[in-house]
Amino acid sequence: MEQKRNGFGTRIGFELAAAGSAVGLGNLWGFPYKASANGGAAYLFVYLACIFLVGAIAMLAEFYIGRRSKANPVSAYKAISPNWGWIGLLAVVVPALIMCYYYVLGGYTVKYALNSFVGNAGRFERFAGNVGDVILHTVVFALVALAIVTAGVRHGIEKSAKLLLPTMLVILIVISSFSLLLGAGVQEGLAYYLKPDFSKLTGSGILSAMGQAFFSLSLGCGAMITYGSYSGKQVNLARSTAVVCILDGVLTFMVGLAVFPALFHYAAVSGSGLSELGMGGTGLMFITLPMVFEDMGAGGQILSLLYFTMAAIAATTSVISILEVVTQFIIQRHKVDRTRAVSVVTLVCVALSIPVGLSLGLSLNGSSELQIFGKNLLELLDSVTNTLLMPLCALLACIAVGWKLPKSERFTGFSGVMLRFITPALIVVIGLFGALDIVFPAAEGARAFSSDGFAVVVIACIIVLLCVLAYRIFLRDRDTGSNADEAEANALRKEKLSAGLQRGWQRPE
Ligand code: TRP
């Protein structure tokens, strides 16, 4: 009963929520430009292989860690070993950092969706540089996430996932069908996306695909541990993992079907070269696509509305998983009710996201103000979390489940071998090469030491160190709670509220 009250009500709800967390800006914004920078189909192929071979195993491990403890990541790792709780803390801190820039990007999608009929093309720099506008949309986006998470796992996260994920799927089907029917250029676009040319795939392309797969599956931080902790006993985790990975893979594949034919169509019609479209760059979604939509006239406006509404939905179902990780921890560690926990987390992260949005806007407009170590704050947070801390967390999750749990609980057979050897080895490779790329970035063919890059690695190490220290000092010997605490905290709040109300009635002043 307790589990039901606190957690997901149905298996489908759990799977859709996890898939909603997975499908996000990583798929809509990251995947297309990374795929086109790394040889199209070959990248897609490696990406899908990573999802099903490596990502799925790590996801299963994270679900399992959460489910066996029915608690926040800190308690979950503590239950594996009292010395391992710091990993859980890291798995709470990383999402908090991600949230600070995810809010900003979510705000961008809201702005773009609302702006579809006015036209977004050519407005990117102006919007990005307009502090008030960016903050306004960031706040709107954050408030939607706040509302959903406040309503709770079952009534907020699960319900919204059941509504939003199918909506997203329908929109994506409409857009990709439309895109495939555009005529000129579609053939070329499809060939580019679906005919693999492995000669174009470099080592760094493979690593980028692996990293992308991890980010897209929301691995390497507390999200899947937290969602796993809310899954009921009736859920078969292996099956759910398969469902989530398939949904993520299929949706990503369809994003490519929507984007590439449209881009090649535009190139064919406007006579512009592909390089002019900035296909391999981060501006693909926010600069190039609006241009493509605008070129299509009224139909393009509707398409733009659909695309950016879908992006806003995808960003929402993702950000709530990040928000829930931190909220769950605060509720359980401090025994406060959900409303209070989620409000505090939102307030702090929105405040932190303001300088991030500002810094991004400045750098998009060619200014290097508000940059640290040669990067704007979004890039900085992104490289610290995605390239370094997330692989670390994912690695530790695999080691915890593969090696640290009592023998009776370990995975056997194929998944056991993958979990103990192959997956950790691949994650180490991603992490090391990612770090190498940061510290010794390739500049004109040769690699040169970058002190800025080195500083980024140092920051990541400091964050890990702080987590270890904070855990030892503040959490190791204290109660860090479990899912059961939430019901108590909420009940207590209700009691206090009604007691307060009664007092108010008896002695009106
Ligand atoms: N998977 C999401 C995306 O593709 C991002 C995301 C949501 C995430 N929750 C996460 C990434 C937790 C890491 C950890 O955009």
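Keep in mind that what you see is a predicted model, and the values were worked out from it rather than measured.

Caption draft 1: Quick peek at the side chain of Ser-353. For Ser-353, the position within the fold is in helix 16 (residues 338-364). For Ser-353, a relative accessible area of 1% translates into the label buried. Apart from the residues lying within four places of it in its own chain, the contact partners of Ser-353 are Cys-100, Tyr-103, Val-104 and Thr-138.

Caption draft 2: Spatial organisation of the state of the cysteines. Scanning the model with the defined rule gives zero disulfides in all. Free of any disulfide, Cys-349 has its nearest neighbouring cysteine sulfur in Cys-100, separated by 4.5 Å. Unpaired in this structure, Cys-393 has its nearest cysteine sulfur neighbour in Cys-221, at a distance of 7.1 Å.

Caption draft 3: How the structure looks around unusual backbone geometry. Within the chain, Lys-70 stands out as a residue other than glycine whose phi angle is a positive 50°. In this model, Lys-335 sits at a positive phi of 50°, which is unusual for a non-glycine residue. Topologically, Lys-335 is positioned in the loop between helix 15 (298-334) and helix 16. Among the residues examined, Lys-335 registers a relative accessible area of 36% and is labelled partly exposed.

Caption draft 4: Structural context of the environment of Leu-380. Considering the arrangement of structural elements, one finds Leu-380 in helix 17 (residues 377-404). When the C-alpha positions of Leu-380 and Glu-158 are compared, they lie 32 Å apart, and in sequence the two are 222 residues distant. Apart from residues lying up to four places away in sequence, Leu-380 is in contact with Ile-372, Phe-373, Lys-375, Val-456 and Ile-459.

Caption draft 5: Examining the site of the ligand more closely. Near the ligand there are 17 residues, and of these Ala-22, Gly-26, Tyr-102, Phe-215 and Cys-221 occur at the shortest range. Here Leu-25 contributes a backbone N or O atom positioned 3.0 Å from an oxygen atom of the ligand. A distance of 2.6 Å is found between an oxygen atom of the ligand and a side-chain nitrogen or oxygen belonging to Tyr-102. Considering the ligand on its own, with 360 Å² of exposed area, one finds that the protein chains cover 100% of that surface. Those elements that provide at least two residues to the shell around the ligand are helix 2 (11-22), helix 3 (25-37), helix 6 (85-114), helix 11 (203-216) and helix 15. Among the residues making up the shell around the ligand, the classes are represented as nine nonpolar, eight polar and no charged.

Caption draft 6: Expanded view of the pattern of salt bridges. In this structure the tally under the stated criterion is 13 salt bridges. Here Lys-111 and Asp-133 are joined by a salt bridge, their closest N and O atoms 2.9 Å apart. With Lys-111 in helix 6 and Asp-133 in helix 8 (residues 131-150), this residue pair connects regions lying 22 residues apart in the sequence. For the pair formed by Lys-111 and Asp-133, the shared burial category is buried. Across the pair Asp-437 and Arg-447 runs a salt bridge whose closest N-O atoms are separated by 3.1 Å. Of this pair, Asp-437 sits in helix 18 (residues 413-439) while Arg-447 is found in strand 4 (residues 446-447), placing the two residues ten residues apart along the sequence. Take Asp-437: its relative accessible area is 37%, and that puts it in the partly exposed class. On the basis of relative accessible area, Arg-447 is assigned to the partly exposed category, the value being 43%. Beyond isolated ion pairs, a larger network of salt bridges with shared partners links Arg-11, Glu-15 and Arg-239.

Caption draft 7: Representation of the confidence of the model for the protein. Residues of the protein with pLDDT of at least 70 account for 98%, and the chain-wide mean is 89. Mean pLDDT across the elements of the protein ranges from a minimum in helix 1 (residues 2-6), with 52, to a maximum in helix 12 (residues 223-229), with 97.

Caption draft 8: Here's a closer look at the packing of aromatic side chains. Summed over all chains, the structure comprises 25 aromatic pairs. Ring geometry for Phe-31 versus Tyr-47: centroids 5.3 Å apart, planes at 45°, classification tilted. Separated by 16 residues along the polypeptide, Phe-31 in helix 3 and Tyr-47 in helix 4 (residues 41-69) bring together distant segments of the chain. Across this residue pair, the class does not change: Phe-31 and Tyr-47 are buried. Both rings, one in Tyr-192 and one in Phe-260, keep their centres 5.5 Å apart while their planes meet at 55°; by these two values the pair is tilted. With Tyr-192 in helix 10 (residues 186-194) and Phe-260 in helix 13 (residues 237-270), the pair connects residues that are 68 residues apart, well separated along the chain. Here Tyr-192 matches Phe-260 in class, with each residue buried. Aromatic rings pair up to connect Phe-31, Tyr-43, Tyr-47, Tyr-192, Tyr-193, Phe-253, Phe-260 and Phe-264 into one cluster. For Arg-420, the ring lying beneath its charged end belongs to Trp-403, and the centroid distance is 4.0 Å.

Criteria and cut-off values
Residues numbered from 1 in each chain as written. Predicted model: local features only at pLDDT ≥ 70, side-chain atom pairs only at ≥ 80, totals over all residues. Heavy atoms only, no water. Helix = DSSP H or I, 4+ residues; strand = E, 2+ residues; numbered from the N terminus. Buried < 20%, exposed > 50% of the residue type's maximum accessible area, 1.4 Å probe, protein only. Contact = heavy atoms within 4.5 Å. Disulfide = S-S within 2.5 Å. Near = heavy atom within 4 Å. Polar contact = N/O pair within 3.5 Å; in protein donor to acceptor, adjacent residues only side chain to side chain. Areas by Shrake-Rupley, 256 points an atom, 1.4 Å probe, with all protein chains shown as cover. Nonpolar A, V, L, I, M, F, W, Y, C, P; charged D, E, K, R; others polar. Salt bridge = Lys/Arg side-chain N within 4 Å of Asp/Glu carboxyl O. pLDDT = per-residue confidence, 0-100. Phe/Tyr/Trp six-rings, centres within 6.5 Å; stacked < 30°, edge-to-face > 60°. Lys NZ or Arg CZ within 6 Å of the ring centre and 35° of its normal.

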